[in-house]
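The residues making up each chain are set out below.
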Amino acid sequence: MGKNVTIDLRSDTVTKPTQKMLNAMLKARVGDDVFREDPTVNQLEEKIANLFGMEASLFCPSGTMANQLAIKLHTSPLDEMICASNAHVLNYESAGYSFLSGISYKGIDSSNGKINPIQIEESIRQNLDWLPESKLVTIENTTNMGGGTYYTLSEASAISALCRAKGLKFHIDGARIFNALVETGESPSEWGKIADTISVCLSKGLGAPVGSLLLGTSTIIQKARKIRKVLGGGMRQVGFLAAAGIYALDNNIKRLEIDHKHILEIANTLRHCSLVKEIKPPATNILVFKIAGMPSARFVKELEQVDIFCLAIDSEWIRIVTHLGITKEMIHTVKNKIATILS
Ligand SMILES: *Cc1c(COP(=O)(O)O)cnc(C)c1O
């Protein structure tokens, strides 16, 4: 019996740089980025700011840091952020909003992770001494725990208009915004017009080993640079990593469509499995589904036996994420194994 190839569907963060990306990294010209003398970092920051039609951007070691910088810059202690209850900024960045910014949050329950202007307006606090002040709305595009659903530009524009009318700041956690954009065909520059800040991940489906960017006005990014430094995010000859990001933006956006197609194929198999109770409508590279008659941990264990890895979100819900390390052949294997376990 030959050894199985490992098929890692736990997250698109598991992607490793390809040889071509590594070659681009090796060729990078570098300098001290804290002195703003790393030409490759400067090039990446300018490139992505131009792409989104925003004034400036800042290279950060993680999406968590980019989001936390945005929250810090848009709020003061005692303020409140409005977002979906299952948002990454609430659940997977520890209690960073509290620790770093001293704010509270108002979570809106949403199965697909999207929130709308009516829900947001209902969540805005009255101006009373004993209430926190609503200051910031954060949306996630695509939604992670919501199953990879995305906002259309018109949906997000309606939220933006509400925020502007109510004097709220608007941050988009765009960790996977390119997954949304390849589906809608919308231009990133249209998205740049509607948000105060956007965070974008290079280390997920785009395949870079490290890095996220925060985009905004020059003034905001100038302040973000200072806070990034204090948080220990002032990196020196980091152009080697920025080069991976530039390579990712140039080569790995269009191919995200393949990952989305793979998710639809797995979803098709799940629809025919008797133990699958619910599937969040697949839209991009994430599939979130619920099983019954078997604890999710056992399902995960059984797949592990055949070298396929996915995540149990809780006792019932499971998450599968596709990415550039997953081939058509692997999807075929995954479909077969899942059908065997869940039928
Ligand atoms: C992955 C992710 C982030 C950032 O995570 P890091 O691991 O810190 O880079 C932010 N938001 C969402 C929705 C994510 O999925």
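Predicted, not measured: the structure shown is a model, and the values here were computed from it. Every chain's residues receive numbers from 1 upward, in the order its sequence appears when written. With pLDDT at 70 or above as the cut-off, local features in this predicted model cover only qualifying residues; side-chain atom pairs require 80 or more to be listed or tallied, and sums for whole chains, interfaces and linings still use all residues. Each side-chain value is worked out from all heavy atoms of the structure, with water and hydrogens disregarded.

> Go over the side chain of Thr149 with me, naming the residues and quoting the values.
Residue position: Thr149 is located in the loop between strand E5 (133-140) and helix H7 (153-166). Discounting chain neighbours no more than four positions away, the residues touching Thr149 are Asn112, Lys114, Asn141, Thr142, Thr143, Pro281 and Ala283. The secondary structure listing takes helices from DSSP runs of H or I that are at least 4 residues long and strands from runs of E that are at least 2 residues long, numbered from the N terminus. Contact criterion: two residues are considered in contact whenever any of their non-hydrogen atoms come within 4.5 Å of each other.

> Mind laying out the nonpolar core, listing which residues take part and the relevant values?
To form a nonpolar core, buried Ala, Val, Leu, Ile, Met, Phe, Trp, Tyr and Cys residues must be joined to one another through side-chain atoms within 4.5 Å. To sort residues, take the accessible area from a 1.4 Å probe on protein chains only and compare it with the maximum for the residue type: under 20% means buried, over 50% means exposed, and anything in between is partly exposed. If you look at the biggest cluster of nonpolar residues, it comprises 48 residues, and the most contacted ones within it are Val137, Phe178, Trp191 and Ile198. Among the elements that line this core, the one with the most residues is helix H11 (residues 239-251), at six residues. Discounting chain neighbours no more than four positions away, the residues touching Ile198 are Phe52, Met54, His171, Ile172, Ile177, Trp191, Gly192, Leu213, Leu214 and Leu215. In this structure, Cys273, Leu303, Ile308 and Ile318 belong to the second largest nonpolar core, which totals 26 residues.

> Quick one: what's the story with the sheet that holds strand E4 (residues 104-108), residue by residue and with numbers?
Should DSSP find at least two bridges between two strands, the strands are taken to pair. Here we have seven strands laid out as an open sheet, ordered E2-E8-E7-E6-E5-E3-E4, and mixed in their pairing. Both outer strands of the open sheet, strand E2 (56-60) and E4, are each paired with one neighbouring strand and no more. With direction set aside, neighbouring strand axes in the sheet form an average angle of 20 degrees. Bridge count between strand E3 (residues 79-84) and E4: five bridges; the pairing is parallel. In the sheet register, Cys83 faces E4, and the bridge partner there is Gly107. Fitting a line to C-alpha atoms yields each axis, with helices limited to the stretch in contact; the angle taken between N-to-C directions then spans 0 to 180 degrees. Against the sheet, helix H10 (residues 218-230) contacts E2, strand E7 (197-201) and strand E8 (212-216), and its axis sits at roughly 20 degrees relative to E2.

> Account for the domain arrangement of the chain, naming residues and giving values.
What the domain assignment reports for the chain is domain 1 (7-14 + 255-342) and domain 2 (19-251). What fixes the domain bounds is an automatic or database domain assignment. Placing the centre of domain 1 and that of domain 2 at their C-alpha centroids yields a distance of 27 Å. With 17 residues of domain 1 at the contact, the number on the domain 2 side is 21 residues. Summed over both partners, the accessible area (1.4 Å probe) lost when two parts come together is defined as the buried area. Carbon and sulfur atoms make up 54% of the surface buried where domain 1 meets domain 2, a total of about 1600 Å² over both sides. Sorting the residues of domain 1 by area buried against domain 2 places Asp12, Leu256 and Lys280 first, and these three jointly supply 32% of that buried surface. Note on definitions: salt bridges are taken to be side-chain nitrogens of Lys or Arg within 4 Å of carboxyl oxygens of Asp or Glu. Applying the counting criterion to the domain 1 and domain 2 interface returns one salt bridge.

> Any chance you could break down the sheet that holds strand E10 (residues 286-291) for me, citing the residues and the numbers?
Hydrogen bonds between backbone groups are what pair the strands of a sheet, and the pairing can be parallel or antiparallel. Read across the sheet, four strands follow the order E9-E10-E13-E12 without closing on themselves; strand pairing throughout is antiparallel. The sheet terminates laterally at strand E9 (276-279) and strand E12 (311-312), the two strands that pair on one side only. In terms of strand pairing, E12 meets strand E13 (residues 317-321) through two bridges, oriented antiparallel. By the bridge assignment for E13, Leu311 is matched with Arg319.

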